[in-house]
Structures are given as C-alpha cells and as structure tokens.
Amino acid sequence: MNLNLSPSHPLGWLLLSLRVHTERARSAPERGASAIEFVIITAILVALAAAVGVVIYNLVTDEADSIDIPDAPGGGGGL
C-alpha cells in the first residue's frame, strides 16, 4: 500500500505529523514520569480521597444519628 500523500492532503498531513511525533519521542532522552511514578501518585491520591470520604461519611452518619424522629401517631406499627 503506497501512502506517499502530499502534506497538503489531510491524510498526508496526519501521517507526517505522526511520523514527526514518533521520531521525536524515540530520539528524546528520558523525560517525564515513568509508569511506576504514575501508579504511586495515583495510589496516594486514591488513599487521600478514601480518607476524605471516610471523614465525610462519619460526619454525616453522626449528624443523622443525632436527629430525633418522634414516633408516628397511633403506635407507629410499620408496614
């Protein structure tokens, strides 16, 4: 399959851009965070979100338990 399209053609421009991006990524020195660093950062953020969720849950539960709900008239025999 011959894909030698002119860069003025949209598909040709896309292929040229992909080639340039790929070559730049292959020739660049190691930059940025590695996958392990992303996993560690994500784990820390998940643990922080879980801790905040537990605190909020406990606050809401304590407030809900402190609400005094009177018995229904007529003995309150449920459904």
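Residues numbered from 1 in each chain as written. Predicted model: local features only at pLDDT ≥ 70, side-chain atom pairs only at ≥ 80, totals over all residues. Heavy atoms only, no water.

## Regarding the overall build of the chain
Working step 1: Looking only at helices and strands, one finds two helices and zero strands in the chain.
Working step 2: A burial count over the chain gives 1% of its 79 residues as buried.
Working step 3: For the chain, the accessible area works out to roughly 7,300 Å², and carbon and sulfur atoms hold 67% of it. (Helix = DSSP H or I, 4+ residues; strand = E, 2+ residues; numbered from the N terminus. Buried < 20%, exposed > 50% of the residue type's maximum accessible area, 1.4 Å probe, protein only. Areas by Shrake-Rupley, 256 points an atom, 1.4 Å probe, with all protein chains shown as cover.)

## Some thoughts on a nonpolar patch on the surface
Working step 1: On the surface, a nonpolar cluster with roughly 560 Å² of combined accessible area is contributed by Ile41, Leu45, Leu48, Val52, Ile56 and Val60.
Working step 2: With respect to the secondary-structure elements, valine 52 resides in helix H2 (residues 35-65).
Working step 3: Of the residues examined, valine 52 reaches a relative accessible area of 43% and is grouped as partly exposed. (Patch = residues over 30% accessible without salt bridge, like charges linked within 9 Å, V, L, I, M, F, W, Y side chains within 5 Å. Salt bridge = Lys/Arg side-chain N within 4 Å of Asp/Glu carboxyl O.)

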